[in-house]
Amino acid sequence: MQRTFGACLVILMLACATTYDGARPVAAPMYAAGLDRATSEGGQIPAPPMPLSDAETRQAASAALTELRRRDPALAAGRIFFVHAEMLNDKAAGRRALVQHYRYEGDVTFTSIVDLAANQVVDVRSAAHVPTPLSPEEVSAAQTRALQEAPVRSLTSQYGQVTLEPRAIRSTSPDDPLFGHRAIEFFFLTPRGYLVNTPRVIVDLTADRVLIQERPPSAPPHM
Amino acid sequence: MRTFRILAMLSIALVAHVATAQTTCCPTHTPGGASIYEVTQQFPSKGPMKTAWLVQWSIATHVGLYITGAWFRRTPAEPWMRILWDGRVSEIFVPYHDGDPWRRFYDLRDFSWQMAKVTPEDLGCCGKQLGDYVVREVRDRGPLWKDHHVSPPVYRGEELVLWATMMAGNYDYMMQYIFRDDGSIGFRLGATAQNLPSAPWTTHMHNGLWRVDVDLAGFPNDTALAMSHHETPAGLSATDKMDPFNGGIEGSLDWDPLEFTEVAVRDEVVKNGRSHNIQYDLMPMRAGNARHNGPNEEFTQHDFWVTRYDPAELFYPQVADYVKAKRPVTNTDVVLWHAASLHHMPRDEDGMEVDGVWVGSALVMFAGFDLRPRNFFDTTPFYP
C-alpha cells in the first residue's frame, strides 16, 4: 500500500513539474487594498453609493408626486403613475433620487430629482412621447385584460401553463392608432419555450381595448 | 485488487493535479473593498503592484449593471486618480426591419427586466461572485506587447472584468466593463438567447447606446476633442487632427471609416511627467453605422454626442434635445455618448420552430468601444 502511494506521489510530482507554474516564488504584494483611499484631488475615495432602499423609493415617489401637484394641479391631474426611481449618481452633495411618473393624457413623462435628506424636489422636467417604463400596475391590468380574450384562453387551455410576457409597444408613427398610447404586446411562454405563430395580442391601455391580429405562418427567409 | 487500488489512486492524483493547475493558473483577485459595490484590483495580479483599479458599481432596474466611479493608480506611490464618474448603457434600441411600427423596442426603459442570478457556470474556473447578479473575473488578456529586442520578449497583460446579465424577455443582454492593467477600459454589450417569438426570422438591430461621464482627476477642466485622419489626395502624406469637439460646443459627430474618427477627453490642468496634458480617447469598434429614420429617432443619426454634465440627462433617446442648449464643452465637465450596434440577421444556428415552440439560443454577439489613456503615463509601466 505504501509503495502504491509512493508511486502515485512520484507520478503526480512529475506531472506537476511539466505544467504547474504556481510553485514559482512570488514577492508578497506591496499593496493591500482598502488601506489607502487618498486621491489625486486631495480627498478620499467616498464609499460607493448604495441603490435606493424600498423606503427611499417610496419617499422619493411621494415627494415627486406632491411637488408635481403643487406646481400645477392641472398638469398632474388625470391618470398618472409612478413608474421608476433610481439612485442618482450625482455630483451634488447629499443623496438624491431620480423619479419618473407617467401621465396618460398627452403621453407625458415627468422626471424629478429628489433630495432625500431634505425630502425636497430640486428639479422637475417633462417630455412627451419618450420611452418610459411600464408600472407593475399597468402590466397587471393588461394581463388581466388579455386573459379575457378568447384566443388567449384558447392558448392557455391548449398548453396549460402559459406565462403572458409583456413587451411595451412604442409606435413611432403619428398616423398609427397606437401612437402616443400605452400599449403592451404579450408573448406566450410555456415550460417548453416561447410559442411562435400565435395570434398577436396587444392591449391598448390608453384606449382600453385589445387588438387581436391573426398571424400568417412565418417562413424563414434564408440569406 | 492491487491494480484497482493503483488505478484509483492515480485517478485521484490526476484530478487533484488538474484542479491545482487550474487554480494556480488563475490570476489573483485582490481582496478588499468598502462593500460588495466596490472592487479593487492590482496589476500584475501576482507579485509587486505596478498599477491598480478601484471600481464602484451598482445595479438598477432600467439600467442594469453600471459603474458609479472608477479610480486608477499609475504607480504604487501615487494616490488614486479618478477616471470615471459614471458609465452605463443608457438604452438598447431594437428596431426590426419589417417596417412594423410596433417593433421598435427600447429594451431598457420600456420594460422592468430583472437581472439573472449568477450560476457556477457563469463564474468558470477563476470568477468570483459579487452579490446575486455580478461576476468578477481577472483574466489573462494575452500579450500586452511583444518585442524580440528585450528579454523576456513579451509581457502578458491582465484585466478586471465585471459583468452581469439582464433577462430582457426572450433576449439576454450581457453588460461588461473591463478595467485593464494599462489603464484602458472596455465597454461591451452582448446580445444572446432567443429570437423574438413574433418575428424570429426578421433581421433587426441591437443598438447599444452608452453614456460615459469621464472625469479625469476630478470633474472640472475637461475638454472634449474630435480626432481624425486625412490622407492627402494624390499625395503621399496625411494629416491627423485633434480639434475641439464640434467647435467647442455640444453636438454630434459621425464615425468615418476613412478618418478613423475618435473623440477624446483632455484634462486642461493635470499633466504627466513629460508636460503633456492627460487624456482618454474613446476608440470605436464597429461593423457599421446604424441609422434609423422613424419619428423621434434623431439620436440614431450620429455616432458620437457630447454634452455638458447635467445630472438629469441620462436618457440617450433624448440626447438630440440635450445638445440644443449648445453649452460649451471645453474646460468644463463633459459627458460622452456613443452608439455601437449589432446587426442581427437570423441564421439557422439561432434555433428553429419545433411543434409550435422556439428552440435554440442565438450565440452571443458583442458591441462596444474602449477608452484608452493618452499621455497619461510618462511611459508604459509594463516595459520591459
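Residues numbered from 1 in each chain as written. Chains lettered and ligands numbered in written order. Predicted model: local features only at pLDDT ≥ 70, side-chain atom pairs only at ≥ 80, totals over all residues. Heavy atoms only, no water.

Scanning chain B from N- to C-terminus turns up 3 helices and 22 strands. Overall size of chain B, expressed as C-alpha extent along the three principal axes, is 85 × 65 × 50 Å. Expressed as a percentage of its 384 residues, the buried residues of chain B come to 60%. Taking as baseline every contact in chain B between residues at least 6 positions apart, the subset at least 24 positions apart corresponds to 60%. On chain B, roughly 14900 Å² of surface is accessible, and the fraction owed to carbon and sulfur atoms is 57%. Once the 34 positive and 47 negative side-chain charges of chain B are each reduced to a mean point, those two points are 7 Å apart. (Helix = DSSP H or I, 4+ residues; strand = E, 2+ residues; numbered from the N terminus. Buried < 20%, exposed > 50% of the residue type's maximum accessible area, 1.4 Å probe, protein only. Contact = heavy atoms within 4.5 Å. Areas by Shrake-Rupley, 256 points an atom, 1.4 Å probe, with all protein chains shown as cover. Lys, Arg positive; Asp, Glu negative; His and termini not counted. Charge placed at Lys NZ, Arg CZ, Asp CG, Glu CD.)

Turning next to the environment of Lys 326 of chain B. Residues and elements named next belong to chain B. In this fold, Lys 326 is placed in the loop between helix H3 (319-322) and strand S19 (334-344). A relative accessible area of 54% means that Lys 326 is categorised as exposed. Once residues within four sequence positions are removed from consideration, Lys 326 is found in contact with Ile 249 and Glu 250.

Residues and elements named next belong to chain A. Taken together, the 4 strands give an open sheet; going across it, the order is S1-S2-S3-S4, and neighbouring strands pair in antiparallel fashion. Each of the sheet's edge strands pairs with one partner strand only, and the pair in question is strand S1 (80-88) and strand S4 (120-128). Each neighbouring strand pair of the sheet contributes to a mean axis angle of 20°, computed without reference to strand direction. Bridge count for S1 against strand S2 (residues 96-103) is 8 bridges, and the pairing is antiparallel. (Pairing = 2+ DSSP bridges. Axes fitted to C-alpha atoms, helices over the stretch in contact; angles between N-to-C directions.)

Residues and elements named next belong to chain A. In terms of burial, strand S8 (residues 200-204) is largely enclosed, as 5 of its 5 residues are buried. Alternating positions in S8 separate into two faces, Arg 200, Ile 202 and Asp 204 on one and Val 201 and Val 203 on the other, with burial throughout. With 4 bridges connecting them, strand S6 (residues 183-190) and S8 associate as antiparallel partners. Opposite Ile 184, over in S8, you have Val 203 as the bridge partner. The pairing of S8 with strand S9 (residues 209-213) spans 5 bridges and is classified as antiparallel. Each residue of the ladder has a partner; that of Val 201, found in S9, is Ile 212. Following S8, the chain reverses through 4 residues before pairing antiparallel with S9; Asp 208 in that reversal takes a positive phi of roughly 55°.

Inspection of the secondary structure puts Asp 86 of chain B in strand S4 (residues 81-95). According to the relative accessible area criterion, Asp 86 of chain B is buried, its value standing at 1%. Only 2.8 Å separates the side chain of Asp 86 of chain B from the side chain of Asn 89 of chain A, close enough to count as a polar contact. Polar side-chain contacts of Asp 86 of chain B include one of 2.9 Å to the side chain of Arg 88 of chain B. (Polar contact = N/O pair within 3.5 Å; in protein donor to acceptor, adjacent residues only side chain to side chain.)

All names here are of chain A. Each domain of chain A was delimited in the assignment, giving domain 1 (1-47), domain 2 (54-128) and domain 3 (136-213). Between the C-alpha centres of domain 2 and domain 3 the distance comes to 29 Å. Of the residues lining the interface, 6 residues belong to domain 2; the matching set on domain 3 comes to 7 residues. Buried area between domain 2 and domain 3, summed over both chains or domains, comes out near 630 Å², and the portion from carbon and sulfur atoms is 47%. Looking only at domain 2, the three residues that lose the most surface to domain 3 are Tyr 102, Tyr 104 and Asp 107, adding up to 62% of its buried area. The tally of links from domain 2 across to domain 3 stands at 0 salt bridges. Scanning the region where domain 2 abuts domain 3 turns up 2 residue pairs in polar contact (both at pLDDT 80 or more). Of the residues assigned to the side of domain 2 that touches domain 3, the class counts are 4 nonpolar, no polar and 2 charged. (Domains from an automatic or database assignment. Buried area = accessible area lost by both parts, 1.4 Å probe. Salt bridge = Lys/Arg side-chain N within 4 Å of Asp/Glu carboxyl O. Nonpolar A, V, L, I, M, F, W, Y, C, P; charged D, E, K, R; others polar.)

Structurally, a disulfide amounts to a covalent bond that connects the sulfur atoms of two cysteines. Residue and element names in this part refer to chain B. This model, assessed by the stated rule, comprises 1 disulfide over all chains. For Cys 26, the disulfide goes to Cys 126, at an S-S distance of 1.9 Å. Between Cys 26 and Cys 126 the sulfur-sulfur dihedral comes to about -70°; the bridge is accordingly left-handed. In this pair, Cys 26 is assigned in the loop between helix H1 (2-25) and strand S1 (38-43) and Cys 126 in the loop between helix H2 (120-123) and strand S7 (128-130), connecting sequence segments 100 residues apart. (Disulfide = S-S within 2.5 Å.)

Membership of the largest hydrophobic core comes to 112 residues, with the highest contact counts inside it found for Trp 53, Trp 57, Leu 84, Leu 162, Phe 179 and Leu 371 of chain B. In terms of residue count, S4 of chain B provides more of this core than any other element does, 6 residues in total. Grouped together as the second largest cluster of nonpolar side chains are 20 residues, Leu 88 and Leu 98 of chain A together with Tyr 309 and Leu 314 of chain B included. (Core = buried A, V, L, I, M, F, W, Y, C linked by side-chain atoms within 4.5 Å.)

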